[in-house]
Amino acid sequence: MFLAYVDDSGDARTFALGAVLVDADQWIDALDALVSFRAQLSRTVGLRMRSELKGTNLIGGNGPWHKLRVGDRKRYGIFKRALGELAALAPAVQAVAVVVPDLSHPQLFGPPREVAWDVLMERFERFGTRGQAGPCLIIADEGSPAKLRTMARRKRRIGYAPAAFGGPARRVPFKLLLDDPVTRDSTDSYFVQWADLVAYAAFRQIRPVPGVPLLWDELADARLAAAN
């Protein structure tokens with residue numbers, strides 16, 4: 001069984017979902033590693049354990065970083081090390097992301113957020129089935145829980161996936177999806193906060209801007225290669 005922690009990122013043009021997939025049998029060890037990383041940040045730069053670690057704030061110097069007055073290069077280094085934490089936890093922890101580069105693209109088959117969630121749940125289904133990771137419980141940042149619940153229930157019963165070599169989509173219900181997705185305030189979950197970092201890294205890999213480092217490759221072996 002695995003737990004899939006999900007958060008989003010993006011801007012007015014692009015929407016991204018990032019997910020951190022944690023082997024349930026090694027959940028406590030993974031949590032302890034993230035807690036240890038946060039404790040180190042608390043000691044070295046003064047970031048409180050209760051403060052949210054968020055990609056946009058790390059890059060822009062906003063939120064708790066404004067008062068801490070940590071320079072750009074040091075914040076970028078913290079972002080890099082945070083993704084390195086996930087890389088060090090592989091294969092017990094994996095990362096996957098879905099990016100919709102153009103929210104107004106005429107070929108999108110639905111609202112961008114729903115399209116991204118649909119594709120992400122397909123990746124979870126493949127990871128659980130072909131990757132033999134087993135059942136999945138989705139834990140997402142608070143957003144639109146009713147809509148997400150409806151999508152998950154539909155995916156469990158009548159999920160579809162595009163054919164690998166063209167032709168009609170195949171019916172692939174997500175039978176390993178456990179119950180309805182659970183929503184969590186990201187300030188209360190380090191795993192959801194790391195999912196935000198994954199989402200932001202994927203977003204900037206697709207929509208780079210001058211002066212902002214590309215950090216997706218820092219995930220190294222934690223990237224779920226078959227699903228990214």
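Up top you'll find the structure we're talking about.
Residues numbered from 1 in each chain as written. Predicted model: local features only at pLDDT ≥ 70, side-chain atom pairs only at ≥ 80, totals over all residues. Heavy atoms only, no water.

**Looking at the nonpolar core**
For clarity, the threshold we go by: Buried residues of nine kinds, namely Ala, Val, Leu, Ile, Met, Phe, Trp, Tyr and Cys, make up a nonpolar core once their side-chain atoms join them within 4.5 Å. Accessible area is worked out with a 1.4 Å probe on protein chains only. A residue is then buried under 20% of its type maximum, exposed over 50%, and partly exposed in between. A run of H or I in DSSP becomes a helix once it reaches four residues, and a run of E becomes a strand once it reaches two; helices and strands are each numbered from the N terminus. Contacts between residues were defined by any pair of non-hydrogen atoms, one from each residue, lying within 4.5 Å.
Judged by nonpolar contacts, the single largest core of 46 residues is most densely connected at Val20, Leu53, Leu86 and Trp194. Among the elements of the structure, strand 1 (2-10), strand 2 (15-23), helix 1 (27-45), helix 2 (55-60), helix 4 (72-89), strand 3 (93-100), strand 4 (136-141) and helix 7 (190-206) are those that each provide at least two residues to this core. Sorting elements by how many residues they give to this core places helix 7 first, with eleven residues. Apart from the residues lying within four places of it in its own chain, the contact partners of Leu86 are Val20, Leu34, Val93, Trp194, Val198, Leu219 and Ala222.

**Brief notes about the sheet that holds strand 7 (residues 182-184)**
Here is the rule we go by: Paired strands, in this sense, are two strands between which DSSP finds at least two bridges. Whenever a helix is involved, its axis is fitted only over the stretch in contact; in every case the axis is a line through C-alpha atoms, and angles between N-to-C directions fall within 0 to 180 degrees.
The mixed open sheet is built from five strands, whose spatial order is 3-2-1-4-7. Only two strands of the sheet have a single partner each, and these edge strands are strand 3 and strand 7. Mean inter-strand twist for the sheet, computed between neighbouring axes without regard to direction, equals 25°. Inspection of the sheet shows strand 4 paired to strand 7 by three bridges, in the parallel sense. What sits directly across from Ile139, in strand 7, is Val182.

**Overview of the packing of helix 4 against helix 7**
Going by this rule: Working rule for angles: under 35 degrees goes down as roughly parallel, over 145 as roughly antiparallel, 65 to 115 as roughly perpendicular, anything else as oblique. In this scheme, a crossing is called left-handed if the near helix is turned counterclockwise away from the far one by less than a right angle; it is called right-handed if the turn is clockwise. Each residue gets one label: Ala, Val, Leu, Ile, Met, Phe, Trp, Tyr, Cys and Pro are nonpolar, Asp, Glu, Lys and Arg are charged, and the others, such as Gly, are polar.
Contact pair helix 4 / helix 7: the axes reach a minimum separation of 10 Å and the direction vectors enclose 110°. As the angle between them shows, helix 4 and helix 7 are arranged roughly perpendicular. Seen along the crossing, helix 4 lies across helix 7 with a hand that is left-handed. Counted together, Phe79, Ala82, Leu83, Glu85 and Leu86 of helix 4 and Trp194, Leu197, Val198, Tyr200 and Ala201 of helix 7 form the full contact between these two elements. The residue inventory of the contact of helix 4 with helix 7, partitioned by class, reads nine nonpolar, no polar and one charged.

**Considerations on unusual backbone geometry**
Backbone phi values are negative for most residues with the exception of glycine, while trans is the configuration of most peptide bonds. Cis geometry marks the peptide bond from Ala90 to Pro91, where omega comes out at 5°. Counting through the fold element by element, Pro91 comes out in the loop between helix 4 and strand 3. Residue Arg69 is not a glycine yet carries a positive backbone phi of 55°. Among the secondary structure elements, Arg69 is positioned in the loop between helix 3 (64-68) and helix 4. The exposure class of Arg69 is exposed, given its relative accessible area of 73%. With a phi close to 50°, Asp179 is a non-glycine residue in the positive phi region.

**Remarks on the pairing of strand 3**
Of all eight residues in strand 3, seven are buried, a share of seventy percent or more. Bridge count for strand 2 against strand 3 is eight bridges, and the pairing is antiparallel. In the strand pairing of strand 3, Ala19 is matched with Val96.

**Considering the side chain of Glu52**
To be explicit about the condition: The positive count covers Lys and Arg only, the negative count covers Asp and Glu only, and His and the chain ends enter neither. Salt bridge, as used here, is a side-chain nitrogen of Lys or Arg placed within 4 Å of a carboxyl oxygen of Asp or Glu. Polar contacts, as used here, are pairs of N or O atoms within 3.5 Å; protein pairs need one atom able to donate a hydrogen and one able to accept it. Residues neighboring in sequence count only if both atoms are side-chain atoms.
Locating Glu52 in the fold gives a position in the loop between helix 1 and helix 2. It is Lys54 that comes nearest to the buried, bridge-free Glu52 among opposite-charge side chains, at 4.5 Å. At 2.4 Å, the side chain of Glu52 and the side chain of Ser186 are in polar contact. Beyond its immediate stretch of four places on either side in the chain, Glu52 contacts Pro64, Ser186, Thr187 and Gln193.

**What to know about the pattern of salt bridges**
Under the defined criterion, the tally for this structure stands at eleven salt bridges. Measuring nitrogen to oxygen at the nearest pair gives 3.5 Å for the salt bridge that ties Arg113 to Asp8. Separated by 105 residues along the polypeptide, Arg113 in helix 5 (residues 112-129) and Asp8 in strand 1 bring together distant segments of the chain. By relative accessible area, which is 26% here, Asp8 ends up partly exposed. Counted as one network, the salt bridges with shared partners bring together Asp118, Glu122, Arg123 and Lys155.

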